[in-house]
Each structure stands twice: as C-alpha cells, then as structure tokens.
Amino acid sequence: MAVNEGRSRGARRPTLEEVAVHAGVGRGTVSRVINGSPRVSDATRAAVEAAVAELGYVPNTAARALAANRTDAIALVVPEPETRFFAEPYFSDMLRGVGAEITDTEMQLLLIFAGNDRERERLAQYLAAHRVDGVLLVSVHADDPLPDLLAELEIPAVISGPRSAAETLASVDSDNYGGARSAVEHLLSRGRRRIAHITGHLDVYGAQRRVDGYRDALGDAGHGADGALIEAGDFTEEGGRRAMARLLESRPGVDAVFAASDVTAAGARQALREAGRRIPDDVALVGYDDSAIARHMEPPLTSVRQPIEEMGRAMTDLLLTEIADRRPATRRAPRRQMVLATELVERRSS
C-alpha cells in the first residue's frame, strides 16, 4: 500500500519527512542514515533504507553539500598550455587515474587550464570563491604561485611531485632519481660510455632529480659526468629535436642518450635520423614514461616506466582524505609525500 501511495504522487519527489514517517523514526535519524553515521542501530538503519527504497527517495546532494559547506567538486589544474596537455600521454594517463578513483564517489571533476597569466588570474578568483573542495595540481614549476595560494586559502591540495625537498603540500611522484639511475646503468651495461642527457624543464623538481640520478650513476661507475653532454630540454618533441642537434654538433662522439620523456626521445630520434645516425647501432636511446609513444616508435624505445595512472589514483585518494579531515590545519598530521617505484622496460632502441 505504501509503495502505491508513494508512486501516486507522480513526479513530486518524496521528502525526508515522508521517509521518516514511513520508517517510524525521526527526521534526524533518517538524515544520519543517509549520511552514513555509525550512531544508528542496524534495525533502524534497515527500516530507513527500506523506506527510502519503497518511496523512491533521492537525497538532495546540493542541499547536503550546502549544509556541510561543501561543493562536491574537485579541480584538476594544469598550469600548462592546452596544446601540451593534449599532445603528451602523461596528462591523459593522469586524468584516467583521477577519474577512476572518483568513480564511486559523489565528487564532480573539473579540468582547468592555467597556462598563462590571464588564466591564472581567473583561476585565483575562482579558487578564492571556494567553488571546489580541493585541487589536484599537476606539472608544477618551482616559481608557480598556485600551491602557495591554495595553502593561503586553506583549500586541500595534492601536487604531482614536490617543488623541492622541503615541500609542505601533499604530493605523489615517481622515483625520478632511481629511474634515471636505472636508465644510465642499463646504457653502461651495454658498453656505452659517452652518454648524454636531454633534460626536462629544470624548474621542475622531478627533472632536477633525473639529472641527479644521471650524474650519480655515471660517477659511481667511475665516469664523471661531462657537463657538455647535458643538454636542456622542455619535455616536448621539438625541444628534444633541437637539444639532440646541439649535442651532435658539440659532442659528435656521443654514443647514447637518456631523454627526460618519451616525447623528448621522439624528437631526439628525428635529429639522429636526419644526421644519418642509426639507433641503436650508432647511438642508443632511452626515454622516460613508457608511454604508447615508446611502444610504437621504430625501433621500439627502451623507457623508464612510471606508474602515471596509479599516481593519479593516489593523488585523488590523498585529496579525498584531506577533504574529509575537517580539523584545522594546525591540528592535522604532516602531509604525506608519496614516491612510487619505477621500472626500466628494455626494447630495441638500446
């Protein structure tokens, strides 16, 4: 009878009060059940859940969010031009991991680009209005003001890799130092001795750590790093092509290259081919990321695999935990700095 009564109301949504009457409990009890409070007996919870199902009650998530001073939305902020976001597999893999982690939550995901001053100013105004519950920040440069703005606004935030060894925000990164070491050690084991490195943006801490790993691997093997074999890149294909061309001009005897990303390696490969150098016969080539680019390159590219999708999931998990922690910032535990393992995937380019 109760089911028919609920259906006869047509399009009108059942109210919380009607669920309470149907279950024979108070309105506050229904609210506690819907919000997952443990302060409800199993029998009462079952009665309320049955009433919800029979009446077809749908919680008003907007009202719940307003009452809890929440927006039920998080932002994935990319302080890079849109062209780079869509050109590099790193970002799509990160987005896939974030999306997978929030699938079973009520959170909405906003993708926001902040690649120029105007976009950053607009984002600052948006964040100051507290229109999101938290922020995931990827591809952070050392001079980026966004992390400090988030801290000032007390908006929960997690970044994809620390800005320095003294990072104060929560972060998730891959083992950039260990990954670089494994790449260089692999090349040394193949008899290569004049090993060059094309870096990423050196205002990115992860790129700095890859340089450190490169240098230490050579030093520990008794081969001091030649500064002229380190060429600045920017994680892009064109940057890799230009850096490789400069290396061939300044150090024509180079016999191996460790590139800071697979995209960079693709550019280096182009310059090597234009110069008539064979891969790996004349010059061995190793990238970083183990993206689809590495698998489809000819010859297939040896690359350091970093678990980018897993990083996206871990970042989101950390952020949701911070959002749920309503304690003042001064009473919270130190923010976590997670570092995920990398793995060298050997292919024919080395």
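All of these numbers come straight from a predicted model, not from anything done at the bench. (Residues numbered from 1 in each chain as written. Predicted model: local features only at pLDDT ≥ 70, side-chain atom pairs only at ≥ 80, totals over all residues. Heavy atoms only, no water.)

1. A closer look at the sheet that holds strand E4 (residues 157-159)
Spatial strand order, E2-E1-E3-E4-E5-E11: six strands in an open sheet with parallel pairing. Whereas interior strands pair on both sides, the edge strands pair on one side only; in this sheet they are strand E2 (108-113) and strand E11 (337-340). Strand after strand, the sheet turns through a mean of 20 degrees between neighbouring axes, direction not considered. Of the pairings in the sheet, the one linking strand E1 (residues 73-78) to E2 comprises six bridges and is parallel in character. (Pairing = 2+ DSSP bridges. Helix = DSSP H or I, 4+ residues; strand = E, 2+ residues; numbered from the N terminus. Axes fitted to C-alpha atoms, helices over the stretch in contact; angles between N-to-C directions.)

2. Examining the packing of aromatic side chains
Here the structure, examined in full by the defined rule, presents six aromatic pairs. Here the aromatic rings of Phe85 and Phe91 are separated by 5.5 Å at their centres, their planes lie at 35 degrees, and the arrangement is tilted. On the basis of relative accessibility, which here comes to 7%, the residue Phe85 falls in the buried class. Residue classification places Phe91 among the buried residues on the basis of a relative accessible area of 2%. (Phe/Tyr/Trp six-rings, centres within 6.5 Å; stacked < 30°, edge-to-face > 60°. Buried < 20%, exposed > 50% of the residue type's maximum accessible area, 1.4 Å probe, protein only.)

3. With respect to the pairing of strand E3 (residues 134-137)
Covered by surrounding structure in E3 are Gly134 and Leu136 together with Val135 and Leu137, the residues of both alternating faces. Note: E1 against E3, four bridges, orientation parallel. Bridge pairing in E3 links Ala75 to Val135. Across three bridges, the pairing between E3 and E4 is parallel. Each bridged residue has a counterpart across the sheet, and for Leu137 the counterpart in E4 is Ile159. You can see the chain leave E3, run along helix H9 (residues 146-153) and come back into E4, and the turn it takes is right-handed. (Right-handed = clockwise from strand over helix to strand, strands pointing away.)

4. A short note on the packing of helix H2 (residues 16-23) against helix H3 (residues 27-34)
Two elements in contact, H2 and H3, have axes whose closest approach is 8 Å; the angle formed by their N-to-C orientations is 100 degrees. The angle between H2 and H3 falls in the class roughly perpendicular. Along its contact with H2, which presents Leu16, Glu17, Val19 and Ala20, the element H3 presents Arg27, Val30, Ser31 and Ile34. Across the contact of H2 with H3, the residue classes break down as five nonpolar, one polar and two charged. (Parallel < 35°, antiparallel > 145°, perpendicular 65-115°, else oblique. Contact = heavy atoms within 4.5 Å. Nonpolar A, V, L, I, M, F, W, Y, C, P; charged D, E, K, R; others polar.)

5. Some words on the sheet that holds strand E9 (residues 284-289)
The mixed open sheet is built from six strands, whose spatial order is E7-E6-E8-E9-E10-E12. The open sheet is flanked by strand E7 (230-231) and strand E12 (343-345), the only strands paired with a single partner. Inspection of the sheet shows strand E8 (residues 256-259) paired to E9 by three bridges, in the parallel sense. The residue of E9 that forms the bridge with Phe258 is Val286.

6. Examining helix H11 (residues 205-220)
Its 16 residues give H11 an end-to-end C-alpha distance of 22 Å, which sits within 8% of 22 Å, the value for a rise of 1.5 Å per residue. Those residues of H11 that sit buried are Tyr205, Gly206, Ala207, Arg210, Val211, Gly213, Tyr214, Ala217 and Leu218. Looking at the buried residues of H11, the elements they touch are helix H10 (176-189), strand E6 (195-198), E7, E8 and E9. Gly222 sits one or two positions beyond H11 and adopts a positive phi of about 85 degrees. (Expected span 1.5 Å × (residues − 1).)

7. A look at unusual backbone geometry
Residue Pro280 is bonded to the preceding Ile279 through a cis peptide linkage, with omega at 5 degrees. Here Pro280 is to be found in the loop between helix H13 (262-274) and E9. A cis amide bond links Glu298 with the next residue in sequence, Pro299, at an omega value of -5 degrees. Mapped onto the fold, Pro299 is located in the loop between helix H14 (292-296) and strand E10 (302-305).

8. A look at the packing of helix H8 (residues 117-128) against H9
It is at 11 Å that the axes of H8 and H9 come closest, and there the two elements cross at 15 degrees. Here H8 lies roughly parallel to H9, going by the angle between them. In this structure, H8 meets H9 at a crossing whose hand is right-handed. Listed contacts from H9 to Leu123, Ala124, Leu127 and Ala128 of H8 are Leu146, Leu149, Leu150 and Leu153. In terms of residue class, the contact of H8 with H9 is made up of eight nonpolar, no polar and no charged. (Left-handed = near helix turned anticlockwise from the far one by under 90°.)

9. Focus on the confidence of the model for the chain
The predicted model of the chain has a mean per-residue pLDDT of 88, with 90% of residues at 70 or higher. Contacts of residues 1-10 to residues separated by more than four positions or lying in other chains number seven contacts, the stretch itself having pLDDT below 50. (pLDDT = per-residue confidence, 0-100.)

10. A look at the pattern of salt bridges
Side chains carrying opposite charge are able to pair once their charged atoms draw close together. For the coordinates displayed, the defined rule picks out 22 salt bridges. When the shortest N-O distance is used, the salt bridge between Glu346 and Arg190 registers 2.9 Å. On the criterion of sequence distance, the pair formed by Glu346 in the segment after E12 and Arg190 in the loop between H10 and E6 is long-range, its members being 156 residues apart. Its salt-bridge partner being Arg347, residue Asp290 comes within 2.9 Å of it at the nearest N-O pair. Here the residue Asp290 occupies a position in the loop between E9 and H14, and Arg347 occupies one in the segment after E12, the gap between them amounting to 57 residues. (Salt bridge = Lys/Arg side-chain N within 4 Å of Asp/Glu carboxyl O.)

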